[in-house]
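Examining the three-dimensional arrangement
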Amino acid sequence: MRLFQGRVARVVGTVAVVVGALLWVASWATASPIGATPDEDYHLASIWCPPGVEGACPTRRLPDGTREVELPRRLVDASACMARQPDASGACVERISLQPSWTPRVDDGEYPGGFYRAMHLFVGKRFTESVFTMRLVNGAVAVALLGAAVALTSPRGRLTVSAGLLLASVPMGVYLVASINPSGWAVTGVAAAWVGVHGYLAESSTGRRAGLAAVALAGALLAATARSDAGAYVALAALAVAVLHADRLRADARHAALPAVIAVVGVLGYVSGSQGVAVANGMDGRGPGGLGLLASNVFALPSLLLESMAGPLNWLDTSVPALTSVTVTLFAAAAVFWGLRSLTWAKGISLLGLVVAFCVLPLLLLQLSGANVGAEVQGRYLTPLVAVILMTALWDPVRNSAERLTRVQTTVVLLGLVAAQMAALWVQIRRFTTGMDGSGFNLDAHVEWWASPVPPMATVVLGSVGFAVVALGALLAGRRNGVEARMAAPLALSTAGILP
């Protein structure tokens, strides 16, 4: 009977976490109008008119070879009416006409294109509903793929994965995942690739290893078809995991097949778009900078790195509250510092390589572009690496798990993250319901724009409750066996009549 009750409790808990995760991503998916996320005018045009899809929309080539597509003006100009105007609500989008307009802001081979073709399947006559559907689909894909990765990981190693993913998600991770920005697939795919390869090399169960290999391949394909730089991150993640498990690979070189395949998928994704040219030539053609620029960017680099977790949202016009940015930064730093307690040469080299890449890649691109921190390179470009770094740091190679927090520590982290997530979501909804010049705590008052059937304040509550359930599940991941062991003796004594 107790075994049956335990299974029912686990099923109920799993369902609760999945429902909570879906509520969480849905709250972010419906919190902003079309055109809100960075470069969304470009992404909207590329989704409605993806390269290689014949008849998607009228297309022409200018004499200089530039590709232009014709779309309703509302799609073309939605971003312009709000971008970098924090006091402008989302209402301006509805006032833009539906007359056709030509735009050169569309993908013409810069991106691998898989993301745009997949999202094109959800294009409908109603723009807002279509975009909301795409965001919800992307959020559901993340929940399904990363949820499978956590479920397939044994209870012993589950805390490493779930805690790393959780810390990397607030707020930039979930903001990108629940959007129509290809970076959302990059965040999901790179994390899934790392978890899949890591689990394949760390687990002993044949079934778990097979499932995790499938997760790794799915994640690699997802990221590599979304952005060229995400393909490079996938290859880097596969290499980092191979180094992390160097002992197992030395013992049986056949295990190196999966990391090698994942790395190849990443490299193919990197070369499938022309984004890689920007790394080699710079992003604006000004040419490389000198030592003075390098020194200036090194001094300012920490601000860019922190933006990968809690940087400004939308068109860099919506700063997340200090409650969010400070809390997330402190917890992420504490997780890495905590993880350094269990350090081997393999883990040290793997973690150092990831951190060096995390720091050097933006510096390299800024130097080649002759640009200062704050221009050209945005923190969100680095967000896919945050979860990988955190999970690598948290993993204890001796016990094949992360060291558990005490009850007090778990409570502090849980309450801190819930408050951080709620504050960020509230600010995001405020940004578009009234603009940042709105006042009052109640987001339901004086609403200028809102397209979801769930009211703004209810969206904040549901999203925050959903996140709280996910966070509780993540922080308690892997505790089941330990809890059952502690309960076994009192239950036995009680059954024997020794205890009341």
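Above: the structure in question.
Within each chain, residue numbers correspond to sequence positions counted from 1 in written order. For this predicted model, a pLDDT threshold of at least 70 governs which residues receive local features, and a threshold of 80 or more governs which side-chain atom pairs are given and counted, while totals over whole chains, interfaces and linings are taken from all residues. Side-chain figures throughout are based on the complete set of non-hydrogen atoms in the structure, without hydrogens or water.

**Quick word on the overall build of the protein chain**
Quick note on the threshold: The helix count covers DSSP runs of H or I at least four residues long, the strand count covers runs of E at least two residues long, and both are numbered beginning at the N terminus. Categorising residues by exposure relies on relative accessible area from a 1.4 Å probe, with only protein chains included: less than 20% of the type maximum marks a residue as buried, more than 50% marks it as exposed, and the intermediate range marks it as partly exposed. Contacts were defined at the residue level, with two residues in contact if any of their heavy atoms lie within 4.5 Å. Each accessible area is a Shrake-Rupley result for a 1.4 Å probe, and residues are judged covered by the shown protein chains and nothing else. His residues and chain termini do not enter the charge count, which takes Lys and Arg as positive and Asp and Glu as negative. The location of each charge is read from NZ of Lys, CZ of Arg, CG of Asp or CD of Glu.
When its secondary structure is counted, the protein chain shows 21 helices and three strands. Residue burial in the protein chain is summarised as follows: out of 500 residues, 53% are buried. For the protein chain, restricting intrachain contacts to residue pairs at least 6 apart in sequence, the fraction spanning at least 24 positions comes to 81%. Carbon together with sulfur atoms contributes 67% to the accessible area of the protein chain, which is approximately 21200 Å² in total. For the protein chain, the separation between the mean place of its 35 positive charges and that of its 28 negative charges on side chains is 14 Å.

**Here's the deal with the packing of helix α11 (residues 228-244) against helix α17 (residues 345-369)**
Cut-off, in case you're wondering: To get an axis, a line is fitted to the C-alpha atoms, and for a helix only the part in contact is used. The angle between two axes follows their N-to-C directions and goes from 0 to 180 degrees. For this classification, under 35 degrees means roughly parallel, over 145 means roughly antiparallel, 65 to 115 means roughly perpendicular, and everything else is oblique. Residues are sorted three ways: Asp, Glu, Lys and Arg are charged, Ala, Val, Leu, Ile, Met, Phe, Trp, Tyr, Cys and Pro are nonpolar, and all the rest, Gly among them, are polar.
Two elements in contact, α11 and α17, have axes separated by 7 Å at closest approach and are oriented at 160°. On the basis of their axis angle, the class for α11 and α17 is roughly antiparallel. Counting all contacts with α11, which are made through Y233, L236, A240, V243 and L244, the residues of α17 involved are A346, K347, I349, S350, L354, A357 and L361. Partitioned by chemical class, the residues of the contact of α11 with α17 number 10 nonpolar, one polar and one charged.

**Re the state of the cysteines**
Using the following cut-off: A pair of cysteine sulfur atoms is labelled a disulfide when the two atoms are within 2.5 Å.
Inspection of every chain in the model, using the stated rule, returns two disulfides. One disulfide in the model links C81 with C92; its S-S distance is 2.1 Å. Negative torsions about the S-S bond denote left-handed disulfides, and the value of about 65° found for C81 with C92 makes this one right-handed. One end of the pair, C81, is in the loop between α3 (73-77) and α4 (91-94); the other, C92, is in helix α4, and 11 residues separate them in sequence.

**Considerations on the pairing of strand β3 (residues 100-103)**
Looking along a regular strand, one sees the side chains alternate between the two faces of the sheet. How we decide: Two strands make a pair as long as DSSP finds a minimum of two bridges between them.
Of the two faces of β3, only the one carrying S101 and T103 is buried; P100 and W102 on the other face are not. Bridge count for strand β2 (residues 67-72) against β3 is four bridges, and the pairing is antiparallel. Across the sheet, the residue bridging to V69 is T103, located in β3.

**Concerning helix α20 (residues 456-475)**
Stated formally: A helix is expected to reach a length of 1.5 Å times the quantity of its residues less one.
Compared with the 28 Å implied by 1.5 Å per residue over 20 residues, the 28 Å span of α20 between its first and last C-alpha is a close match. The set of residues buried in α20 consists of P456, M457, T459, V460, G463, S464, G466, F467, V470, A471, A474 and L475.

**What about the pairing of β2?**
Direction of pairing for strand β1 (residues 59-61) relative to β2: antiparallel, over a ladder of three bridges. What sits directly across from R61, in β2, is R67.

**Brief notes about the nonpolar core**
In plain terms, the rule: Think of a nonpolar core as a cluster: buried Ala, Val, Leu, Ile, Met, Phe, Trp, Tyr and Cys residues, connected wherever their side-chain atoms sit within 4.5 Å.
W28, W48 and I262 are the most contacted members of the largest nonpolar core, which totals 144 residues. Considering every element that reaches this core, the biggest residue donor is helix α9 (residues 183-202), with 12 residues. Excluding anything up to four places from it in sequence, W28 contacts P171, V174, Y175, A178, L313, Q421, A424, L425 and Q428.

**Details of the packing of aromatic side chains**
Our working definition: Within 6.5 Å between ring centres, the rings of Phe, Tyr and Trp (the latter by its six-membered ring) count as paired, and their orientation is classed by plane angle as stacked under 30 degrees, edge-to-face over 60, tilted in between. In our convention, an over-ring charge means Lys NZ or Arg CZ found within 6 Å of a ring centre and within 35 degrees of that ring's normal.
Evaluated as defined, the whole model comprises nine aromatic pairs. Between the aromatic rings of Y42 and Y111, the centroid separation amounts to 5.8 Å while the plane-to-plane angle is 45°, which identifies the pairing as tilted. A residue pair is termed long-range when its members are at least 10 positions apart, and Y42 in helix α2 (residues 40-48) and Y111 in the loop between β3 and α5 (114-120) qualify at 69 residues. For the residue pair Y42 and Y111, the accessibility class agrees, reading buried in each case. Aromatic ring contacts, followed pair by pair, group Y42, Y111, F115, Y116 and W185 into a single cluster. For R60, the ring lying beneath its charged end belongs to W102, and the centroid distance is 4.0 Å. Its guanidinium or amino end placed over the ring of W338, R341 lies 4.9 Å from that ring's centre, counting from NZ or CZ.

**Structural notes on unusual backbone geometry**
That bond from V170 to P171 is cis: its omega, -15°, falls within 30 degrees of zero. The phi dihedral of D39 falls on the positive side, at around 60°, and the residue is not glycine. Among the structural elements, D39 can be located in the loop between α1 (2-29) and α2.

**Regarding the pattern of salt bridges**
Heads up, the condition is: Throughout this description, the term salt bridge denotes a Lys or Arg side-chain nitrogen within 4 Å of a carboxyl oxygen of Asp or Glu.
The final tally for this structure, using the stated rule, is 14 salt bridges. A salt bridge links R380 to D39; its shortest N-O distance comes to 3.3 Å. Here R380, found in the loop between α17 and α18 (383-394), pairs with D39, found in the loop between α1 and α2; they are 341 residues apart in sequence, far enough to count as distant. Salt-bridge contacts for R399 lead to D396; the nearest nitrogen and oxygen are separated by 3.2 Å. Where salt bridges share partners, they join D39, D41, R105 and R380 into one cluster.

**With respect to the side chain of T434**
To keep it simple, the criterion reads: Within 3.5 Å is the distance limit for a polar contact, defined as a pair of N or O atoms, with the added protein rule that one can donate a hydrogen and the other accept it, and that residues adjacent in sequence qualify only through two side-chain atoms.
Here T434 is to be found in the loop between α19 (407-433) and α20. We classify T434 as buried; its relative accessible area is 5%. Within the structure, T434 has its side chain in polar contact with the side chain of R430 (distance 3.0 Å). Discounting residues that sit within four places of it in the chain, T434 has contacts with D87, S89, A445, H446 and E448.

**Brief notes about the packing of helix α16 (residues 322-339) against α19**
Our working definition: Rotating anticlockwise by less than a right angle from the far helix to the near helix defines a left-handed crossing, while the corresponding clockwise rotation defines a right-handed one.
Running from N to C, α16 and α19 cross one another at 145°; their axes reach a closest spacing of 8 Å. Handedness of the α16/α19 crossing: left-handed. On α19, the residues that touch L323, T324, T327, V328, F331 and W338 of α16 are Q409, V412, V413, G416, L417, A419, A420, A423 and A424. Tallied by class, residues from the contact of α16 with α19 come to 11 nonpolar, four polar and no charged.

**Some remarks on α16**
Quick reminder of the rule: Directions are taken from the helix axis to each C-beta atom, and the arc is the one they span.
Helix length check: α16 (18 residues) gives 25 Å between terminal C-alpha atoms against 26 Å at 1.5 Å per residue, within 8%. For α16, the complete set of buried residues consists of T324, T327, V328, F331, A332, A335 and G339. Buried residues in α16, looked at end-on, bunch into an arc of 125°, giving them a common side. In α16, the exposed residues that point more than 90 degrees away from the buried face are A322, L330 and F337. Looking at the packing, one finds that the buried side of α16 touches α7 (155-167), α15 (291-310), α17, α18 and α19.

**Regarding the sheet that holds β2**
In spatial order, the strands read β1-β2-β3; together these three strands make up an open sheet with antiparallel pairing. At either end of the open sheet lies a strand with only one pairing partner, and these are β1 and β3. Averaged over all neighbouring strand pairs, the angle between strand axes comes to 25°, with direction disregarded.

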